[in-house]
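One letter stands for each residue in the lines below.
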Amino acid sequence: MFLLIWGCDKEDDLTPSGHEKEWMVIEDSDDPLDKLRYEIFRDYGVPTYYNDTIGSEERVDMLGNTYTYYERLKIFYYPGGATSSNYSGAILDFVDEDVRESVLIPVLESFRDKIFARFEKGTRLPAFFFADSIGTVNLRGEYNRVESYYGYNTFAVNLDSLPFLGMEKFTSKTLTTYFTGLLSSSAQSGWKSAFLNVTKSLKQGLEYSSSMESYAAVSLVEALQGTKFTRKEELGFVVSCNSKSGVESIPTESIDLSSYIDKVLTYTEVKFEEEYGEFEPVMVKFRMMRNKLVELGYLLKN
């Protein structure tokens, strides 16, 4: 089933019941899937959902009429960042009920062990919402897949790549995507600017690629021009990307962030220094990212 997420919310002209309910609470259940969701909430404080309607209550309008209010996750809303207006045509495909348990129980168990349990106790994580697929439709009617989305209080996870990646890689990639979204949010803008400026300060006027479209990608050759450098690492990059025309290009800001997140999650500091120690900008960015993930409550194994 597909659900269209409208681009803005109108103010409700009906009065609330007189108090604000805490909606993001998972109750215990005899259902195996919902039981697991409850245990994750109990042990790690993380609400998990497979439907964007998370509760309801009876309310009374201004005329004294009783109605049922339904609370829905504001999945594509982030104040001061990418807001729901950017995703006015967003489409969610919910996990079908007949396979929900077989699909989501292994995912939640993997996320519990490899993500939620890896944060320091007391770290506040957003709700995690799991969808069979997430995408948007542009003005030309073209469907564009959305990897995952970090919103105001919900991280939406697109499950469509799970069959191709396998559980371990999917979980690891989702954690990287989560941190990338968090560090791209307005709340982290100061730190993000400092991180990106390690590279930008190495060449006057250097700008990141804005996408991998041919017209928006900055070629590595162009980025190196006017400097004494000959390698991407000397500019502080650990990855380069091919534009859609096949030209080796420097990454976007988001790809640069995610590449360092991946390195911090998969390399010990000693191993990373053995491979990249000769490149000071790379080492500076690696240590900045490592310290930031620790600050965010993540418990590194190395």
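Residues numbered from 1 in each chain as written. Predicted model: local features only at pLDDT ≥ 70, side-chain atom pairs only at ≥ 80, totals over all residues. Heavy atoms only, no water.

*Asks:* Could you give an account of the packing of aromatic side chains, with specific residues and numbers?
*Replies:* Here the structure, examined in full by the defined rule, presents 23 aromatic pairs. A ring pair is formed by phenylalanine 111 and phenylalanine 116, whose centres lie 6.3 Å apart and whose planes are at 65 degrees; its orientation type is edge-to-face. On the basis of relative accessible area, phenylalanine 116 is assigned to the buried category, the value being 2%. Ring geometry for phenylalanine 119 against phenylalanine 179: centres 5.8 Å apart, planes inclined by 40 degrees, an arrangement best described as tilted. Pair noted here: phenylalanine 119 is in the loop between helix H2 (97–114) and strand S6 (127–131) and phenylalanine 179 is in helix H4 (residues 167–183), with a separation of 60 residues, a long-range link. Phenylalanine 179 matches phenylalanine 119 in its accessibility class, with the two residues each being buried. Every member of this aromatic cluster is reached through a ring pair, and the members are Phe111, Phe116, Phe119, Phe128, Phe130, Tyr150, Phe155, Phe170, Tyr178, Phe179 and Tyr298. (Phe/Tyr/Trp six-rings, centres within 6.5 Å; stacked < 30°, edge-to-face > 60°. Buried < 20%, exposed > 50% of the residue type's maximum accessible area, 1.4 Å probe, protein only. Helix = DSSP H or I, 4+ residues; strand = E, 2+ residues; numbered from the N terminus.)

*Asks:* Tell me about helix H9 (residues 280–295), residues and numbers included.
*Replies:* Taking 1.5 Å per residue, 16 residues should reach 22 Å; H9 reaches 22 Å between its end C-alpha atoms and fits that length. For H9, the elements touching its buried residues are H4, helix H5 (189–200), helix H7 (253–266) and helix H8 (269–276). Phi turns positive, to about 100 degrees, at glycine 297, one or two residues after H9. (Expected span 1.5 Å × (residues − 1). Contact = heavy atoms within 4.5 Å.)

*Asks:* Quick rundown of the nonpolar core? Include the residues and the values.
*Replies:* Counting residues in hydrophobic clusters, the biggest one holds 58 residues, and the most contacted among them are Phe111, Phe128, Phe130, Tyr178, Phe179, Phe272 and Met289. It is H4 that contributes the most residues to this core, six residues altogether. Contact partners of methionine 289, with chain neighbours within four places excluded, come to Leu183, Trp191, Phe195, Leu257, Tyr260, Ile261 and Val264. (Core = buried A, V, L, I, M, F, W, Y, C linked by side-chain atoms within 4.5 Å.)

*Asks:* Give a detailed account of the confidence of the model for the chain, specifying residues and quantitative values.
*Replies:* Reading fine detail from the predicted coordinates is not recommended where pLDDT is low. When pLDDT is averaged along the chain, the result is 89, and 89% of the positions lie at 70 or above. In this model, residues 1–18 is a region of pLDDT below 50 whose contacts with residues beyond four sequence positions or in other chains number 43 contacts. In this model, residues 81–85 is a region of pLDDT below 50 whose contacts with residues beyond four sequence positions or in other chains number 13 contacts. (pLDDT = per-residue confidence, 0-100.)

*Asks:* Tell me about the sheet that holds strand S10 (residues 154–158), and name the residues and values.
*Replies:* Taken together, the four strands give an open sheet; going across it, the order is S2-S6-S10-S9, and neighbouring strands pair in mixed fashion. In this open sheet, the two strands that pair with only one neighbour each are strand S2 (48–49) and strand S9 (148–150). With three bridges connecting them, S9 and S10 associate as antiparallel partners. For tyrosine 149, the partnering residue across the bridge sits in S10 and is alanine 156. Of the strands in this sheet, S2, S6 and S10 touch H2, which is tilted by about 145 degrees from S6. (Pairing = 2+ DSSP bridges. Axes fitted to C-alpha atoms, helices over the stretch in contact; angles between N-to-C directions.)

*Asks:* Residues and numbers for the pattern of salt bridges, please.
*Replies:* What the rule picks out here adds up to 20 salt bridges. Between glutamate 147 and lysine 173 there is a salt bridge, with its nearest N and O atoms 3.7 Å apart. Placement of the pair is glutamate 147 in the loop between strand S8 (143–145) and S9 and lysine 173 in helix H4, with a sequence separation of 26 residues. Lysine 173 gets classed as partly exposed once you look at its relative accessible area, which sits at 36%. For glutamate 233, the salt bridge is made with lysine 232, and the minimal N-O distance between the two is 3.2 Å. Here glutamate 233 matches lysine 232 in class, with each residue buried. A cluster of three or more residues bridged by salt bridges with shared partners is formed by Arg145, Glu147, Asp160 and Lys173. (Salt bridge = Lys/Arg side-chain N within 4 Å of Asp/Glu carboxyl O.)

*Asks:* Describe in detail the packing of H7 against H9, supporting the description with residues and values.
*Replies:* Angle between the axes and distance between the axes are the two parameters that describe a pair of packed helices. One way to put it is that H7 packs onto H9 with a least axis distance of 9 Å and a crossing angle of 75 degrees. Accordingly, the angle class assigned to the pair H7 and H9 is roughly perpendicular. Here H7 contributes Asp256, Leu257, Tyr260, Ile261, Lys263, Val264 and Leu265 to the contact with H9, which in turn contributes Val282, Lys285, Phe286, Met289, Arg290 and Leu293. Partitioning the contact of H7 with H9 into residue classes produces nine nonpolar, no polar and four charged. (Parallel < 35°, antiparallel > 145°, perpendicular 65-115°, else oblique. Nonpolar A, V, L, I, M, F, W, Y, C, P; charged D, E, K, R; others polar.)

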